[in-house]
Amino acid sequence: MVYSQAKVIAGGLAHIPIVIGIFYFIMTFFNKRAIEYAEANKPKKVEKKVEKPEIKAKSSAPTKVESKVEVQKTTSDSSEIKTESPKNNEITNIEKKPMKKKHADVPVNIYRPKTPYEGTVIENYSLLKEGAIGRVNHITFDLKDSDPFLNYVEGQSIGIMPAGEDANGKPHKLRLYSIASTRHGDNFEGNTVSLCVRQLQYEKDGETINGVCSTYLCDIKPGDKVKITGPVGKEMLLPDEEDANVVMLATGTGIAPMRAYLRRMFEPTEKEKNKWNFKGKAWLFMGAPKSANLLYEEDLQRYLTDNPDNFKYTKAISREQQNTKGGRMYIQDRVLESANELFNMIEDEKTHIYLCGLKGMEPGIDEAMTKAAEEKGLNWSELRPQLKKAGRWHVETY
Ligand code: FAD
Ligand code: A2P
């Protein structure tokens, strides 16, 4: 019994090499056939014509460029924009258009504090009428000798470095001022820049303190040289669209950028120069303490007469008018009065809102916008970030 079981096992084991052999033979046969078949059906080698990547770079750029590189130089010394290049071995027949960064061609920091431009004062005159409070001046500087040329666009600011030294014997730091002229300047020749400056004055311990730079600016005379930096800022730029609507909320010298916008929209000679045919609605809410403090009033009245369908002008004269609660009339009170019309405009995606002037007006404007939005069944705290994200809510307060 034991012997016969061992015989069966031995017999079984003896068959293993035979089975492996047969299996190996079958595999080899089929592999060979498969290789022959694949060889027979191999596609013909096609010479692929690959266009050499186009290189649009400055001549100083290295010549060994395997991928596409576009270098776009703006007038700014700090805004070199490079488009993303495809991987070296990536073959594509699709012509990739370079993505232009928004406002990439807006000039910034042509002049910096270490090497400011010394501009000559052309004119410096008061913007106030008899009986006005304080001191607010319109000041124009000549830029024609600047090299590189100090160009700018509406909505930007420049820096002014007042002459003299601070209490520590160090040169004064620069102060920013919104540009009040269009890029073509008040003379339309494109070689000046204008500011609208209020002298800072306050009382401290029974003494009147004058702001350093604002006093320096209000006191300078035609022919004086002033250290200028910039331009800076892209927050307050106008939209390109001619059919955009522009709502402007300004207090005091916050009118400066708005004056530039309104000249660009409505000043006949400026329009001829800029070829920007504004077709939208511009609405200025202006806050001033007294009628005599209203700035650029004659120009604004002329724009109103000439463009009744495109320009609306609402004033809040705080010390002459009262709000419904009997307090000083502020622009936020005017915003509330016009809530319905204003929010009809804001709901239109072509509408941009600009806020400039006293920092202190921001909470009041927010509160008014909240109430005004509620009247339309809207939620301002949700709407405002959306407007900001869409680049339609522009704020520059100081
Ligand atoms: P400073 O000598 O610098 O004195 C200012 C300091 O005085 C304050 O920092 C504070 O410490 C103190 N101070 C101020 N008020 C009081 C007070 N009531 N009580 C106690 N202390 C006080 N200004 C314009 O006139 N026109 C513009 O178009 C304009 N545009 C601007 C744009 C931007 C983007 C910014 C940021 C500011 C702008 N300003 C503008 C404001 C301007 O830059 C200066 O801040 C302003 O002229 C005051 O500077 P100053 O050197 O005269 O005052
Ligand atoms: P007021 O000073 O009567 O309180 P200016 O720069 O020429 O002084 O003008 C600023 C205008 O803004 C003034 O009419 C001033 O009113 C007004 N104002 C002051 N504080 C606020 C505020 N928190 N919100 C809105 N307007 C304000």
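The present account deals with the structure reproduced in this document. (Residues numbered from 1 in each chain as written. Chains lettered and ligands numbered in written order. Predicted model: local features only at pLDDT ≥ 70, side-chain atom pairs only at ≥ 80, totals over all residues. Heavy atoms only, no water.)

## Looking at unusual backbone geometry
Defined as follows: Secondary structure counts use DSSP, requiring at least four H or I residues in a row for a helix and at least two E residues in a row for a strand, with both numbered from the N terminus.
Across the junction of D147 and P148, the peptide omega takes the value 5°, indicating a cis bond. In this fold, P148 is placed in the loop between β4 (136-142) and β5 (157-161). Each neighbour pair has its own omega, and for G230 with P231 the value is 0°, a cis peptide bond. Summarising the element assignment, P231 is placed in strand β10 (residues 225-232).

## Structural notes on the site of ligand 2
Put simply, the rule is: For this purpose, a residue is taken to be near a molecule or strand whenever a single non-hydrogen atom of the residue falls within 4 Å of it. Pairing of N or O atoms within 3.5 Å defines a polar contact, subject to two protein rules: one partner must be a possible hydrogen donor and the other a possible acceptor, and residues neighboring in sequence count only if both atoms are side-chain atoms.
Among the 14 residues in the neighbourhood of ligand 2, the closest are listed as A288, S318, R319, R328 and Y330. In the environment of ligand 2, an oxygen atom lies 3.2 Å from a nitrogen or oxygen atom belonging to the backbone of A288. Take S318: an N or O atom from its side chain is 2.6 Å from an oxygen atom of ligand 2.

## Quick word on the environment of L262
Definition in use: Each residue is placed in one exposure class: buried if its accessible area under a 1.4 Å probe, protein chains only, is under 20% of its type's maximum, exposed if it is over 50%, and partly exposed if it falls in between. We call two residues in contact when some of their heavy atoms are within 4.5 Å.
Its location among the elements puts L262 in helix α3 (residues 255-266). Given the relative accessible area of 0%, L262 is considered buried. Through-space distance from the C-alpha of L262 to that of W283 is 9.8 Å; in sequence the pair is 21 residues apart. If we ignore the near neighbours within four places in the chain, the residues touching L262 are M248, E267, A282, L284, L300, Y303 and F311.

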